[in-house]
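Letter by letter, the chains look like this.
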Amino acid sequence: MSAGAELGVWAMAGVAFDLTGAIATASLALWLWPRRQRLAGAGAPVVVALVVTAAWCLAAAAALTPEMAVACSFAESLRNLAWLVAIYRLFASDGRHSSLAPIRPVIFALAFVELLHVSVTLALSYLSIPGGLAVVGFEVEIMLRLLVTVGGLVLVHNLYAGAPREVRPALRWPAIGLAVLWTFDLNLYTVAYLARSWPGEIAALRGLAALVLAGCFAIAASRKRDELRLRPSRAVTFQTFSLLVIGVYLVAMVAVAQWLSYAGGDFARLIEMGFLTFASAAALVVLPSRRVRAWLKVILTKHFFQHRYDYREEWLRFTRTIGRTGDGSSPLGERVIQSVGDITNSPAGLLLTPDEQGDLVLAARWNWPEAQVPPLAYRAGALGLFEQSSYIADLDEIREGIPTGGFEMQAPDWLLAERRAWALVPLVHYERLVGLVVLARPAMARKFDWEDFDLLRVIGQQLASYLAENASQEALSEASRFDDFHRRMAFVMHDIKNLASQFSLLARNAELHADKPAFRADMLVTLRNSSDKLNALLARLSRYGGGTVDRLEHVAAQDVARAVMTRFHPTGRLVLAETREIGVTASAHSLEQVLVHLVQNALDASAPESAVSLSLSRDDLHAVFEVVDTGTGMSPEFVRNRLFKPFVSTKSGGFGIGAFEARELVKAMKGRLDVESREGVGSRFTVRLPLAPCVGTEADASKDQKVA
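Report on the accompanying structure.

Thresholds, definitions, all that
- Residues numbered from 1 in each chain as written.
- Predicted model: local features only at pLDDT ≥ 70, side-chain atom pairs only at ≥ 80, totals over all residues.
- Heavy atoms only, no water.
- Helix = DSSP H or I, 4+ residues; strand = E, 2+ residues; numbered from the N terminus.
- Buried < 20%, exposed > 50% of the residue type's maximum accessible area, 1.4 Å probe, protein only.
- Contact = heavy atoms within 4.5 Å.
- Areas by Shrake-Rupley, 256 points an atom, 1.4 Å probe, with all protein chains shown as cover.
- Expected span 1.5 Å × (residues − 1).
- Pairing = 2+ DSSP bridges.
- Axes fitted to C-alpha atoms, helices over the stretch in contact; angles between N-to-C directions.
- Parallel < 35°, antiparallel > 145°, perpendicular 65-115°, else oblique.
- Left-handed = near helix turned anticlockwise from the far one by under 90°.
- Nonpolar A, V, L, I, M, F, W, Y, C, P; charged D, E, K, R; others polar.
- Phe/Tyr/Trp six-rings, centres within 6.5 Å; stacked < 30°, edge-to-face > 60°.
- Core = buried A, V, L, I, M, F, W, Y, C linked by side-chain atoms within 4.5 Å.

In this section: the overall build of the protein. Scanning the protein for helices and strands turns up 23 helices and twelve strands. Across the 708 residues of the protein, 39% fall into the buried class. Here the analysis covers contacts within the protein between residues at least 6 apart in sequence; of these, 69% occur between residues at least 24 apart. Per element, the accessible surface of the protein, about 38,700 Å² overall, is 61% carbon and sulfur.

Structure below.
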């Protein structure tokens, strides 16, 4: 069947592959012979078939003359006959010998066809046949090969499919090896029949098929064969199927175009180009369609996998979606909807949560801004079914009045009128409904089955726990704020009680000593002090809400800085790095309160042996106070979202009001409080206040003095 006298590139490659296949099959036969019991009753036939296959590979490597080509054809016939016997013994080794009775005629028929092929090969080799009949003989020879190859593939497939489940692991790898061998032959002989000549380039690769056959049988005889299972993921299956669809489409286009070129007559070229244009346009319109992709995914999932969902991938995706954090992350409500929608390929959804009366109200939207949701979305009286059974409702069935699973329910009118609404997924936590997800209709809508129900219920319970935990955290935070407020009010009440006690004592003593001048003088001092304390207390309380100061006046900023230094002098940790004589428009009491708070925070955030620096300088029209520490520092997220938020504190037992009050006081003095901080490095707080009107000329600036 081929082979010239001179070795070309493909001929040399064919010899190398054939010799490799011969070595592999012969080595496997030698290794398998003492271990043939691992293949049960098929051990000996398989060893014989491997030896014959090795001989066929050697004959193929030496098929450089017509005589050796005939010998190679005989060796291939012997190979096919040997493997037919081995197949029968493989599939009969599990005790199904009696049930294989209908298969015997098929094997005998294939053996007869193979013997007939040998006869045709002898006739073509030793008889003088004219050229036309020789071509016909070649086609007959190829057709007989195709019959045996197709018959062998069908035989392997049907017998493996009919094997019991517990026997299939032992038959899987032999079936794969034989399928590879005969699939290669099928393609080889198909090309030879269509081209009416022997494809030497493809035939040069036949040794690789023998090599794969040897590898599969080596795995089948291995003790760890059950651990080697090909389980392609859904992603690989979908991508492979997509490539297959593209390949089939291209082959179909070429075939139709070729047929048009033969049948089109004088307009063949025009018809061919027109067909290719319209076919390409149709592919560009149809293939990118989401509906088409969704349909293909449903078909593949239904027919290629035992379960619709890849649970590992679904759970990883769910964890990534619900656990996403950071500046660009969506709110928790939107992530809850998205995590459910990703499972069913829903493009949008709504989240309804209970209000104080138990009725459901809209809590979040995801890609569904046009949905018209009333203030009271779902009444509490209609939610018992969701809580009792975690019922997942198909809104299409509700619209048609079809009871599902023995349940009949009524959905709100607005939900039924929204034709895009597709399903309701309850989020149940300890038999309490904490949310209801309304899913939008996907591109390829389908009916829910047991697998959808199971997965959605598990995801719903997990999401319900997230929502319940989030609600508990918010309630705890609110309770903590009230606790702080009550504690603060306790101190205020204590101060008021002391003042009231002083007034009561003063009133009782006035009844006895009002006529004494010394008592009247002391009473005036006591009233003045009590009045000052009460006004200071009222001013402090008012600052929590409005951030006001007593009044703005000319203040010597350096005096305030020295007062702060004096207050923290006993600690020995506050250093006055720089100071100037600068006048500012501010409130001396409020400015001192701000600086004291900033210095105290800096000391608390630093190690006991670390110093904190305080400096006063001038920047254009502002006086600049800087408090710098080398403490623990703060993250950008904390500085941006939590530092100046009331009742939020990083210190154990802190009220979280100091930074908020300091910023409000600085704002009230027409100034600005800035923060620079890095975790593990330290923080810098900068207070900028406007200069007093009398300070601002160059002459005044030249009088500034530096104090070490």
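Further remarks concern helix 1 (residues 9-32). Its 24 residues give helix 1 an end-to-end C-alpha distance of 34 Å, which sits within 8% of 34 Å, the value for a rise of 1.5 Å per residue. Buried residues in helix 1 make contact with helix 2 (43-61) and helix 8 (206-221).

All right, on to the sheet that holds strand 7 (residues 574-578) then. The mixed open sheet is built from five strands, whose spatial order is 7-9-10-12-11. The open sheet has two free edges, formed respectively by strand 7 and strand 11 (672-678), since each of these has just one partner strand. Averaged over all neighbouring strand pairs, the angle between strand axes comes to 20°, with direction disregarded. In terms of strand pairing, strand 7 meets strand 9 (residues 612-619) through four bridges, oriented parallel. Bridge pairing in strand 9 places Glu578 opposite Ser615. The sheet contacts of helix 20 (residues 588-605) involve strand 7, strand 9, strand 10 (622-629), strand 11 and strand 12 (682-690), and relative to strand 10 the element is tilted by about 20°.

Next up on the list: the packing of helix 1 against helix 2. Working note: a packed helix pair is described by the angle between its axes plus the distance between those axes. Following both chains from N to C, one finds helix 1 and helix 2 inclined at 160°, their axes separated by 8 Å at the closest point. In terms of orientation, helix 1 lies roughly antiparallel with respect to helix 2. In this structure, the crossing between helix 1 and helix 2 has a hand that is left-handed. Counted together, Val15, Asp18, Leu19, Gly21, Ala22, Thr25, Ala26, Leu28, Ala29 and Leu32 of helix 1 and Val46, Val47, Leu50, Val51, Thr53, Ala54, Cys57, Leu58, Ala60 and Ala61 of helix 2 form the full contact between these two elements. In terms of residue class, the contact of helix 1 with helix 2 is made up of 16 nonpolar, three polar and one charged.

A few words on the packing of aromatic side chains. Taken as a whole, this structure holds six aromatic pairs when the rule is applied. Centre to centre, the rings of Trp83 and Phe217 are 5.1 Å apart; their planes meet at 35°, and the pair counts as tilted. Of this pair, Trp83 sits in helix 3 (residues 66-92) while Phe217 sits in helix 8; the two residues are 134 residues apart in sequence, bridging distant segments of the chain. Take Trp83 and Phe217: they sit in the same class, and that class is buried. A network of ring pairs unites the aromatic residues Trp315, Phe318 and Tyr466 as a single cluster.

The next point concerns the nonpolar core. Counting 40 residues, the largest nonpolar core has Val564, Leu574, Phe625, Leu673, Val687 and Leu689 as its most contacted members. Counting residues per element, the ones that place at least two in this core are helix 19 (557-567), strand 7, strand 8 (583-586), helix 20, strand 9, strand 10, helix 22 (658-668) and strand 12. If we ignore the near neighbours within four places in the chain, the residues touching Val564 are Leu574, Glu592, Leu595, Val596, Val599 and Leu614. By size, the runner-up hydrophobic cluster in this structure holds 37 residues, among which are Ala24, Leu39, Ala49 and Ile103.

One non-glycine residue, Glu431, adopts positive backbone phi at about 60°. Checked against the element boundaries, Glu431 lands in the loop between strand 4 (421-428) and strand 5 (433-440). You can call Glu431 exposed: its relative accessible area is 69%. If you check the backbone angles, Lys670 has positive phi at about 65° while not being a glycine. With respect to the element layout, Lys670 can be found in the loop between helix 22 and strand 11.

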